Amino acid sequence: MTELRMRVNGVTRTLDIEPWVSLLDALRDHLGLTGPKKGCDQGACGACTVLADGVRINACLALAVQYADKEITTIEGIAKGEDGTHPMQEAFVRHDGFQCGYCTSGQICSAVAMLTEHAAGMPSAVTPTTDRIELTDDEIRERMSGNLCRCGAYNGILDAIKDVAAQEAP
Amino acid sequence: MSIKYVGRPVDRLDGRDKTTGRARFAAEHDYPDLAHAALVHSTIARGRITAVDADAARAAKGVIEVLTHENAPAMKPPPSRSLLNLSTMVIGTSVNYLATDEVHWNGQPVAVVVAESPEAARHAAGLVRITYEELPAVVDFAAEEPNATPQKGNALMPAAADKGDAEAALAAAAVSVDLRFTTPPHNHNAIEPHATTAVWDGDRLTLHESTQSITWLRSHVAQRFGVPEQNIHVLSPYVGGGFGGKGSVWAGTLLAVLAARATKRPVRLALTRAGVYHTVGGRTPSTQRVALGADSGGKLTALIHTSVARTARVGGGGEQITSASRHLYDSPNIRLRQSLVQLDLISNTFMRAPGESIGTYALESAMDELACELGMDPIELRMLNEPARNPMDGKRFAHRMLREAYEVGAERFGWRERDPRPGSMRDGRWLVGMGVASAYHPAFQLPASVTVRLGADGGVVVRCGLHEIGVGAATVQAQIAADELGVPLESVRVEIGDSELPAGPMAGGSGQTASAAASVLEACRKLRRSALDLARKSPDSPLRGVRDPQARDGGLYQGSRGETYAAILARAGRDHLEAAAGGGMLRFMAKTVRDRRRWVKAASGAHFCEVRVDRDTGEVRVSRWTGVFDVGTVINEKTVASQLRGGIVMGIGLALSEEALVDPRSGRIVNASLADYHVPVHADVPRIDVHCLDEPDPTMPLGLVGVGEVGITGVGAAVANAVRHATGKRVTDLPITLDKLLPL
């Protein structure tokens, strides 16, 4: 067993776990944070997406012990302020960006971090440039393609993200 | 009834729970002392287990028990399928897991490891060594296809039909096409893998389950474990996608319950993604022939549609592959046949529009090819052959608006811009193509028991064991109840997903919403009547003497005369009023049979698809989509559009990328992962323009027809037809991958 401390959703948590426990299992089974979902356990579906120091990762492909010094944010902690909701969560409801809800935590965490990546000038396969990249529909689709939605709520998810991006635009 | 909420794009009532991570799914319930189970799958398709070596697994750290056929307590064998016991409709396979040394498919669970942690269970599962005596197995669908035998039909699902002499008419036709289609096996791939948390307390069982069929699952588990149904409490408030894959009872559920009983511990069994492929059935592959004959003006003279699909020696069932060919086109000569082969694979099972999704691919591709042969616009050809009455038997359509769907769709999509010559439309390196196809899915209902309670505080509680697989089950029933009782939506709470509630219908056949709506309407009517009776008993009530008040503003009113429910209940000193409706299988079946004699009921629609095909690589991108649907009354514009879009998205997968690959030697699914079985991603899905004609079907409750499946029907053909237009190539073998298009 390895004892480690991890900041999760702004709170320091102590974990006593084997070194092979994934970050996803640590969150779900050991810390009771079941917002991040397990859809494939092999990095193919994105349902487990969480933020590590604000960067989106597949928690199923990460070992918890590697993240001892990181700030982890899950869907449960993505809201700004106590009891509130993140604008992305509200936009997903408004635009019906989900059906069953199982991929939704991952989609929302991924979308929030994707907008940060874009704002930081990170390129994508759609736009072969490092100049200022316009956040077109195709750009969002490409950048969100690591998050599968079998219910097929992609149109609503795109609309929700555009809505939030427009709100955040200077 | 004052219509205030029905038809409005109301936000989902469970939206906040689903977007904050608060919604808990079947594998997310913690219990003290919870143990974790993992499955060991057979590595042969057919044979016997001759030896089990579980010593290393048992010795591994954290392992509580390894259950095999040598030591597991036996479940009762599954009963045979019978219409007298409807729960037998959801039997996944006939195998009595861990009670036999026989192996019936590659991937069958042959051992279960129970451990203190999921990691320990999974590790130890890999340590179990099983030795087999292998027997010859029949696993190759293509090779077995010539041995197909006729599918057995019944009154509800006929498997053959004849009208006139279709072969002779085909031979004599001025213009004809005769095409053979093949479609591969598909898997549902709900993003939530099936999961069960089983907790025994004596002979009482709590089951957190991911299911589309709470009531029948409970009956089946009760039969297998020899306990009364009432002893089993099934909780399934959220289901992370189903698409039919969670309709039946599969190994994972039974083995979690068995493991919990054997170890006297609460047990969670969350299937791995590969585990879902190996222990839950999928859609059958098919080969189909569609032959069409027409006169030189395009009037059909012959329609032949035959199919071969597969079941398994351990179960499964024939699908309605030729069903749309009974209803879509007028032809004096029709011949329909469905045949089956039986393989040593896991049972096939219903997957979104079983039969119709792949059947419409073949039929609607052939219609397009006939239009090409005739040099006729494919919409014009369809309208020319649009029947006034059901082609097979002359029954009336309860509702039919395909003409309107094509008219509206053509306008929205810009069909006029299409140059009919193949390969004529280009955008740089892209060959642009436009295709159409019809969507068609029968309407279906099951009995649903519902109670509606009206409280003295004005609050309404609707209770029904519905399944929230993503359809907005609670939201739409709340909208209906709010309008029927004339109360604000905020005052309605809908309780679902629990076997302690009045029994809901299975979430299948696109029937859940209409089934529950019928009972909610009836219960609300009864409640209004009780409230009125109660009010009229009092001389002080303004409703005295009123016969037929309107439900609005939280009460009953006729003109300015009336009062709130709260006032009625307070005066009578009543805490609440409650009404129940539904149930009654016999009465329900009688009505269904009567209805079926009179009407053909269905949802239908017109798909318009634009594709871009890379002229060098053959890559196909779907670039635009319009779908116009006749699904009767739209209860919630938002959720209905989402479900129809979801069907189209899954159809795009069916058209372009989805295929479960079964090793023809071993019977193993070799691409049992989301990395290797390609479902559509964000980048594969364009803006999907969905429009509903929104005319009530006069024979359905509130005029609504289910929307869960019609969206996927016809999609495969719309894509294939657009590809044909872009490239001049007709692809008759799904999925349409680039190797089937090159060279261009």
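Student: How would you sum up the overall build of chain B? Please name residues and give values.
Tutor: In terms of helices and strands, chain B carries 17 helices and 30 strands. Against the globule reference of 27 Å for 744 residues, chain B gives a C-alpha radius of gyration of 27 Å, in line with a compact fold. Along the first, second and third principal axes, the C-alpha atoms of chain B reach 80 × 75 × 50 Å. For chain B, the proportion of its 744 residues judged to be buried stands at 60%. Of the contacts formed within chain B by residues at least 6 apart in sequence, a portion of 82% connects residues at least 24 apart.

Student: If you had to explain the overall build of chain A to someone new, which residues and values would you point to?
Tutor: A tally of helices and strands in chain A yields five helices and five strands. Walking chain A from its N terminus toward its C terminus, one meets helices and strands in the order β-β-α-β-β-β-α-α-α-α. Its C-alpha radius of gyration of 16 Å places chain A within 12% of the 15 Å reference for a compact globule of 170 residues. Dimensions of chain A, computed from C-alpha atoms along their principal axes, come out at roughly 45 × 35 × 30 Å. Considering chain A as a whole, with its 170 residues, one finds that 54% of them fall into the buried category. Once local pairs closer than 6 in sequence are excluded, the contacts in chain A between residues at least 24 apart make up 58%.

Student: Can you break down the sheet that holds strand β30 (residues 688-692) of chain B residue by residue, with the values?
Tutor: Residues and elements named next belong to chain B. Judged by pairing direction, the sheet is mixed, and its five strands sit side by side in the order β18-β19-β28-β29-β30 without closing on themselves. At either margin of the open sheet sits one strand with a lone partner, and together these are β18 (425-427) and β30. For this sheet, the mean inter-axis angle between neighbouring strands, taken without regard to orientation, is 25°. Sheet analysis places strand β29 (residues 620-630) next to β30, joined by five bridges and oriented parallel.

Student: Outline unusual backbone geometry, supporting the account with residue identities and numerical values.
Tutor: For the bond from Leu734(B) to Pro735(B), the omega torsion is -10°, close enough to zero to count as cis. Mapping Pro735(B) onto the fold places it in the segment after α17 (715-727). Residues Leu742(B) and Pro743(B) are joined by a peptide bond in cis, for which omega reads -5°. Along the chain, Pro743(B) turns up in the segment after α17. Even without being a glycine, Asp41(A) presents a positive backbone phi close to 65°. Mapping Asp41(A) onto the fold places it in the loop between α1 (23-30) and β3 (49-52). For Lys264(B), which is not glycine, the phi torsion reads 55° and is therefore positive. Structurally, Lys264(B) is set in the loop between α7 (251-263) and β13 (267-270).

Student: Requested: an account of the interface of chain A and chain B, with residues and values cited.
Tutor: Taken together, the 46 residues of chain A in the interface contact 46 residues of chain B. Among the elements that take part in the side of chain A that touches chain B, helix α2 (residues 87-94) of chain A stands out by supplying four residues, more than any other. Its residues placed into classes, the side of chain A that touches chain B shows 19 nonpolar, 16 polar and eleven charged.

Student: Explain the nonpolar core residue by residue, including any values.
Tutor: All names here are of chain B. Counting 290 residues, the largest nonpolar core has Val 113, Ala 259 and Val 719 as the members making the most contacts within it. Element by element, the count of residues in this core is highest for helix α13 (residues 512-536), at twelve residues. With near-sequence residues (within four places) excluded, Val 113 lies in contact with Ala 37, Ala 38, Val 40, Ala 57, Val 63, Val 66, Ala 121, Ala 124, Ala 125 and Val 128.

Student: An account of α17(B) is needed here, citing residue identities and associated values.
Tutor: Residue and element names in this part refer to chain B. Here α17 spans 18 Å end to end across 13 residues, near enough to the 18 Å set by a 1.5 Å rise per residue. Counted residue by residue, α17 has 13 buried out of 13 residues, so it is predominantly covered. Directly after α17, the chain includes Gly 728, whose backbone phi takes a positive value near 80°.

Student: Please provide a residue-by-residue account of the packing of α2(A) against helix α3 (residues 104-119) of chain A, values included.
Tutor: All names here are of chain A. One way to put it is that α2 packs onto α3 with a least axis distance of 10 Å and a crossing angle of 125°. With respect to α3, the axis of α2 lies oblique. Read as a crossing pair, α2 and α3 show a hand that is right-handed. Across the interface between the two elements, Met 88, Gln 89 and Phe 92 from α2 touch Thr 104, Ile 108, Ala 111 and Val 112 from α3. Across the contact of α2 with α3, the residue classes tally to five nonpolar, two polar and no charged.

Student: Now, about the environment of Leu13(B): what can you tell me, with residues and values included?
Tutor: Residue and element names in this part refer to chain B. Locating Leu 13 in the fold gives a position in the segment before α1 (15-20). Considering only alpha carbons, one finds Leu 13 and Ala 473, 460 residues apart in sequence, at a separation of 9.5 Å. Leu 13 has contacts with Ala 474, Thr 475 and Ala 478, leaving out every residue within four places of it along the chain.

Student: For the confidence of the model for chain B, give the residues involved together with the corresponding values.
Tutor: Reading predicted coordinates in detail is not appropriate for stretches of low pLDDT. In the predicted model, chain B carries a mean pLDDT of 96, and the fraction of residues at 70 or more is 100%. As a predicted assembly, this complex carries a pTM of 0.98 together with an ipTM value of 0.98.

Student: Kindly report on the pairing of strand β11 (residues 204-209) of chain B, identifying the contributing residues and their values.
Tutor: All names here are of chain B. Bridging between strand β10 (residues 195-201) and β11 involves six bridges; their strand directions are antiparallel. Paired with Asp 201 across the strands is Arg 204, a residue of β11. Counting the residues between successive antiparallel strands, the hairpin from β10 to β11 contains two residues, one of them, Gly 202, with a positive phi of roughly 65°. For the segment spanning β11, helix α6 (residues 214-225) and strand β12 (residues 232-235), crossover handedness is right-handed.

Student: Please set out the environment of Arg204(B) residue by residue, giving values where relevant.
Tutor: Structurally, the position occupied by Arg204(B) is in strand β11. Sequence spacing of Arg204(B) and Gln230(B) is 26 residues, and the spatial spacing of their C-alpha atoms is 8.5 Å.

Student: Give a detailed account of helix α11 (residues 402-413) of chain B, specifying residues and quantitative values.
Tutor: All names here are of chain B. Here α11 is twelve residues long and its end C-alpha atoms lie 16 Å apart, about the 16 Å a rise of 1.5 Å per residue gives. All buried positions along α11 are accounted for by Leu 402, Ala 405, Tyr 406, Gly 409 and Phe 413. One side of α11 holds all its buried residues, which, seen down the axis, span an arc of 95°. Positive phi shows up at Gly 414, right after α11, with a value of about 85°.

What counts and what doesn't
Residues numbered from 1 in each chain as written. Chains lettered and ligands numbered in written order. Predicted model: local features only at pLDDT ≥ 70, side-chain atom pairs only at ≥ 80, totals over all residues. Helix = DSSP H or I, 4+ residues; strand = E, 2+ residues; numbered from the N terminus. Rg over C-alpha atoms; globule rule 2.2 N^0.38 Å. Buried ≥ 20, exposed ≤ 12 C-beta atoms within 10 Å, placed from the backbone. Contact = placed C-beta atoms within 7 Å. Pairing = 2+ DSSP bridges. Axes fitted to C-alpha atoms, helices over the stretch in contact; angles between N-to-C directions. Nonpolar A, V, L, I, M, F, W, Y, C, P; charged D, E, K, R; others polar. Core = buried A, V, L, I, M, F, W, Y, C linked by C-beta atoms within 7 Å. Expected span 1.5 Å × (residues − 1). Parallel < 35°, antiparallel > 145°, perpendicular 65-115°, else oblique. Left-handed = near helix turned anticlockwise from the far one by under 90°. pLDDT = per-residue confidence, 0-100. Right-handed = clockwise from strand over helix to strand, strands pointing away. Arc of directions from axis to C-beta.

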